Amino acid sequence: MSEDREPGFATLAIHAGAQPDPTTGARATPIYQTTSYVFNDADHAASLFGLQAFGNIYTRIMSPTSGVIEERMAALEGGTAGLAVASGHAAQLVTLHALMTPGDEFIAAGQLYGGSINQFNHSFKSFGWNVKWADIDDVESFERAVSPKTKAIFVESIANPGGAVTDIEAVAAVAKRAGVPLIVDNTLATPYLCKPFDFGADIVLHSMTKFIGGHGNSIGGMIVDGGKFNWMASDRYPMLSQPRPEYNGMVLGETFGNFAFAIACRVLGLRDLGPAISPFNSFLILTGSETLPLRMQKHSDNAKAVAEHLAGHPKVTWVSYAGLPGDRYHTRAQKYCPKGAGALLTFGVEGGADAGVKLVSAVDLFSHLANIGDTRSLIIHPWSTTHSQLTEDQRKAAGAGPDVVRLSVGIEDVADIIADLDQALAKT
Amino acid sequence: METAPEPLTYSDDLILSILRSVKTIAMVGATPNPARPAYLVLKYLLLQGFHVIPVNPGHAGKTLLGQTVYAKLADIPEPIDMVEIFRRSEAAEGIVDEALKLYPLPRVIWMQLSVRNDAAAAKAEAAGLTVIMDRCPKIEYGRLCGEIAWFGVNSRQISSRPRQAPAQFQRMRIQAKD
Ligand SMILES: Cc1ncc(COP(=O)(O)O)c(C=O)c1O
């Protein structure tokens, strides 16, 4: 494309990263289902291992199929580089591995996906990475949690399951004052609805399992480097600013410029921890990513119609959806995701936990399962499932009280979605 | 407070025309230390077929990746298309002065990523040279030939046309102008 045109979002979703295959002309990105790549000669091999040349070595570290979704996600988010990994959780692991050493702290919003709360509270504690919890409805709580050991701040743009919208700009200001990167999990919003880098985020993460893949068929994660954080400003991030023994003393922060973080995650994190994505999953996710703008708009439009309907339903005590004008997060949603508030909404069913369990058993079109971001409409009662391993207080703080039902509204005909909810609610 | 200088922007067409046309590059600040960016860039440019002449007074007379090292630009016994400056920003002006005394004149002064010296650039431009600052030729070459996409980097290249098939595995080349 001509250089004076900035390609639009839908064009990037289809084309970024993907030119026809140079050896066969294949138009769709081929699935490079191989573990390894032959070297031209010993010197070429040495250059690849020494990072002196760009190229593929072994699918634990990179794959040309995954490279396409990496570049595409970097383009869609407005970042400098991406790194695809096996899952959203792997993206969180690899990201924090690049930033933390034992004894360090990071600050995380209490309003997070329940699995992330578990990962931070338990698995990461055993690495000596200590989470300090804050509250997105009280930005001061982030400020108060900052200490000399703080290495990062972690929030979700739109939180799962409560639907809280984070004031990214305000939290980014705290991170900037503390001299630490702001990590935003943009899984629920996707870059179609929200661009965290425009509001001061430094690293964006995705569970591509959700809306990026979008069809409920592949687990995958993504790390996107915003390219603005200065890793060399202090010695707080030794993976980036110190000579690395793994690479003969190379300093990644000065060698790889504004995509050094993505490289550090690849050549130190992914290479050594090992959570690589399968090229086949990357291919499926790539195919899904091409329709991201169409799907996200439809998800958001359908979710808004469902939220409006539920708000007037006699068996529904409350509806939380930032796309509704009366919602407490509506003003923020208009700033951070003006095209729509996404597919997820929660509501309270009259009759509490029992009614919630009845409802998920009575649906016919909705699928009762733990995922979100499928083309299909999905339903879950978080209290008894995804969030059941948390304490009562943690469940409530995460927006997963006993009466809470979470919907991931699909892209079916909205009248059918509403009819299914009505018939199921009648049985509670 | 010192205000940060305006960020530099160079069109892909300009960078491409430079990387397509230069053949002989003098790299001031080349090093035999494989951990340093200067070594990585030297190695990469050699792999891509450029004739790169290392310049470093501390290693003059030795060979580095098969190339004879010279102490200064004036010692190089052949014409140079481009001088790549791999030194701190303050050193750039002296190097540009040396470059402007060469005959024939080089066509391009290229300062490495993080190296920027506006006064030195102005001098070189006044003498008719093209100047690039604060860019890495390895990154730019890798970006424009497509190799860097294997590392997930946003190359900002959108096209429905296939790139030229490489003659050797994973050794892409920037394409001739069409
Ligand atoms: C917001 C958010 N982040 C991260 C994850 C974890 O992703 P994965 O299941 O791909 O590991 C999820 C999964 O539900 C999620 O909803």
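Bear in mind that the values here come from a model prediction, so they are computed numbers and not experimental data.

**Regarding the interface of chain A and chain B**
Turning to step 1, where the next piece is worked out: Residue-level contacts link 49 residues of chain A with 40 residues of chain B.
Turning to step 2, where the next piece is worked out: Interface area for chain A against chain B, summed over the two sides, is near 3,800 Å², with a carbon-plus-sulfur share of 57%.
Turning to step 3, where the next piece is worked out: Considering only the side of chain A, the residues that lose the most area to chain B are Gln19, Gln52 and Phe54 of chain A, jointly responsible for 22% of the buried surface there.
Turning to step 4, where the next piece is worked out: Linking chain A to chain B there are two salt bridges.
Turning to step 5, where the next piece is worked out: The salt bridge partner of Lys43 of chain B is Asp43 of chain A, with a shortest N-O separation of 2.9 Å.
Turning to step 6, where the next piece is worked out: Put simply, the parts of the chain that give the side of chain A that touches chain B at least two residues each are helix H1 (9-15), helix H2 (42-49), helix H3 (64-77), strand S1 (81-85), helix H10 (252-255) and helix H11 (260-273) of chain A.
Turning to step 7, where the next piece is worked out: Per-element accounting of the side of chain A that touches chain B gives the leading share, six residues, to H3 of chain A.
Turning to step 8, where the next piece is worked out: The residue inventory of the side of chain A that touches chain B, partitioned by class, reads 23 nonpolar, 18 polar and eight charged.

**Observations regarding the site of the ligand**
All names here are of chain A.
Turning to step 1, where the next piece is worked out: The immediate surroundings of the ligand are formed by 15 residues, with Gly88, Asp185, Ser207, Thr209 and Lys210 found nearest.
Turning to step 2, where the next piece is worked out: The contact in question runs from an oxygen atom of the ligand to an N or O atom on the backbone of Gly88, over 2.8 Å.
Turning to step 3, where the next piece is worked out: One of the side-chain N or O atoms of Asp185 is found 2.6 Å from a nitrogen atom in the ligand.
Turning to step 4, where the next piece is worked out: Protein coverage of the free-state accessible area of the ligand, which is 390 Å², stands at 92%.
Turning to step 5, where the next piece is worked out: Among the elements that take part in the shell around the ligand, helix H4 (residues 88-99) stands out by supplying three residues, more than any other.

**Let's talk about the sheet that holds S1 of chain A**
Residue and element names in this part refer to chain A.
Turning to step 1, where the next piece is worked out: The sheet built from seven strands is open, its strands ordered S1-S7-S6-S5-S4-S2-S3 with mixed pairing. The sheet is open, and its two edges are formed by S1 and strand S3 (130-134), each paired on a single side. Pairwise comparison of adjacent strand axes, ignoring direction, gives a mean angle of 20 degrees for this sheet.
Turning to step 2, where the next piece is worked out: Inspection of the sheet shows strand S4 (residues 150-156) paired to strand S5 (residues 182-185) by four bridges, in the parallel sense. Looking at the pairing, Val155 lines up with Val184 of S5.
Turning to step 3, where the next piece is worked out: Packing of helix H7 (residues 168-178) onto the sheet brings it into contact with S4 and S5, and relative to S5 it is tilted by some 150 degrees.
Turning to step 4, where the next piece is worked out: Across the sheet, H11 touches S1, strand S6 (203-207) and strand S7 (221-225), and the angle it forms with S1 is around 25 degrees.

Each value, and the rule that gives it
- Residues numbered from 1 in each chain as written.
- Chains lettered and ligands numbered in written order.
- Predicted model: local features only at pLDDT ≥ 70, side-chain atom pairs only at ≥ 80, totals over all residues.
- Heavy atoms only, no water.
- Contact = heavy atoms within 4.5 Å.
- Buried area = accessible area lost by both parts, 1.4 Å probe.
- Salt bridge = Lys/Arg side-chain N within 4 Å of Asp/Glu carboxyl O.
- Helix = DSSP H or I, 4+ residues; strand = E, 2+ residues; numbered from the N terminus.
- Nonpolar A, V, L, I, M, F, W, Y, C, P; charged D, E, K, R; others polar.
- Near = heavy atom within 4 Å.
- Polar contact = N/O pair within 3.5 Å; in protein donor to acceptor, adjacent residues only side chain to side chain.
- Areas by Shrake-Rupley, 256 points an atom, 1.4 Å probe, with all protein chains shown as cover.
- Pairing = 2+ DSSP bridges.
- Axes fitted to C-alpha atoms, helices over the stretch in contact; angles between N-to-C directions.

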